[in-house]
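Overview (structure and organization)
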Amino acid sequence: MANKRNLKKDVDFLVSEVVSDCYTFMLINGDKNRDKALSIIEGMLEKRNELITRINNPENKEDSKAIKAHYKAIQQDLMIAVDDCFTKLSEITKG
């Protein structure tokens, strides 16, 4: 497991990639599907705040296996959220 600092950096990096791609989409397409792109950004920023809170507040601090499982779950949730946002962006790009 990576340390908390690196996990936070990963969260920030991946969230910034999603936000950057959404802004690029809006720049290229103008007002077409702008609201959908903004909702993707808003959802991703909310997920970022939730993940950072979960990183800072592990549930069972004494059990090392529980801590590893906690951070692994955070990593999985991050990847699922990023994949979901890129899928949504891809769908509005086609439409």
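Residues numbered from 1 in each chain as written. Predicted model: local features only at pLDDT ≥ 70, side-chain atom pairs only at ≥ 80, totals over all residues. Heavy atoms only, no water.

**Some remarks on the overall build of the chain**
In terms of regular secondary structure, the chain is built from three helices and zero strands. When the helices and strands of the chain are placed in sequence order, the string is α-α-α. Counting only C-alpha atoms and orienting by the principal axes, one finds that the chain spans roughly 50 × 20 × 15 Å. Within the span of the chain, comprising 95 residues, buried residues form 28% of the whole. For the chain, the share of sequence-separated contacts (at least 6 apart) that also reach a separation of at least 24 residues comes to 65%. Surface accessibility of the chain: about 6300 Å² in total, with carbon and sulfur atoms responsible for 51%. In the chain, 16 side chains carry a positive charge and 16 a negative one; their mean positions are 5 Å apart. (Helix = DSSP H or I, 4+ residues; strand = E, 2+ residues; numbered from the N terminus. Buried < 20%, exposed > 50% of the residue type's maximum accessible area, 1.4 Å probe, protein only. Contact = heavy atoms within 4.5 Å. Areas by Shrake-Rupley, 256 points an atom, 1.4 Å probe, with all protein chains shown as cover. Lys, Arg positive; Asp, Glu negative; His and termini not counted. Charge placed at Lys NZ, Arg CZ, Asp CG, Glu CD.)

**Some points on the nonpolar core**
If you look at the biggest cluster of nonpolar residues, it comprises 25 residues, and the most contacted ones within it are Val-11, Val-18, Ile-40, Met-44 and Ile-55. Among the elements of the structure, α1 (4-29), α2 (34-56) and α3 (64-94) are those that each provide at least two residues to this core. (Core = buried A, V, L, I, M, F, W, Y, C linked by side-chain atoms within 4.5 Å.)

**What about α1?**
For α1, built from 26 residues, the straight-helix expectation of 38 Å at 1.5 Å per residue is met to within 8% by its first-to-last C-alpha distance of 38 Å. For α1, the full list of buried residues reads Leu-7, Val-11, Leu-14, Val-15, Val-18, Val-19, Cys-22, Phe-25 and Met-26. Looking at the residues trailing α1, positive phi occurs at Gly-30, about 65°. (Expected span 1.5 Å × (residues − 1).)

**Looking at unusual backbone geometry**
Despite not being glycine, Asn-33 has its phi angle at roughly 60°, a positive value. If you trace the backbone, Asn-33 turns up in the loop between α1 and α2.

**Concerning the confidence of the model for the chain**
The share of residues in the chain with pLDDT of 70 or more is 97%, and the mean pLDDT across the chain is 93. No element of the chain has a lower mean pLDDT than α3, which averages 94, and none a higher one than α2, which averages 96. (pLDDT = per-residue confidence, 0-100.)

**Overview of α3**
For α3, spanning 31 residues, the distance from its first C-alpha to its last is 45 Å, which sits close to the expected 45 Å at 1.5 Å a residue. All buried positions along α3 are accounted for by Ile-67, His-70, Tyr-71, Ile-74, Leu-78, Ala-81, Val-82, Cys-85, Leu-89 and Ile-92. Packed against the buried residues of α3 are α1 and α2.

**Here's the deal with the packing of α1 against α3**
Where α1 contacts α3, the axes come no closer than 11 Å and their chain directions differ by 5°. Between α1 and α3, the interaxial angle falls into the category roughly parallel. For the pair α1 and α3, contact is made by Lys-4, Leu-7, Asp-10, Val-11, Leu-14, Glu-17, Val-18, Asp-21, Cys-22 and Phe-25 and by Tyr-71, Ile-74, Gln-75, Leu-78, Met-79, Val-82, Cys-85, Phe-86, Leu-89, Ile-92 and Thr-93, respectively. Here the contact of α1 with α3 is composed, by residue class, of 15 nonpolar, two polar and four charged. (Axes fitted to C-alpha atoms, helices over the stretch in contact; angles between N-to-C directions. Parallel < 35°, antiparallel > 145°, perpendicular 65-115°, else oblique. Nonpolar A, V, L, I, M, F, W, Y, C, P; charged D, E, K, R; others polar.)

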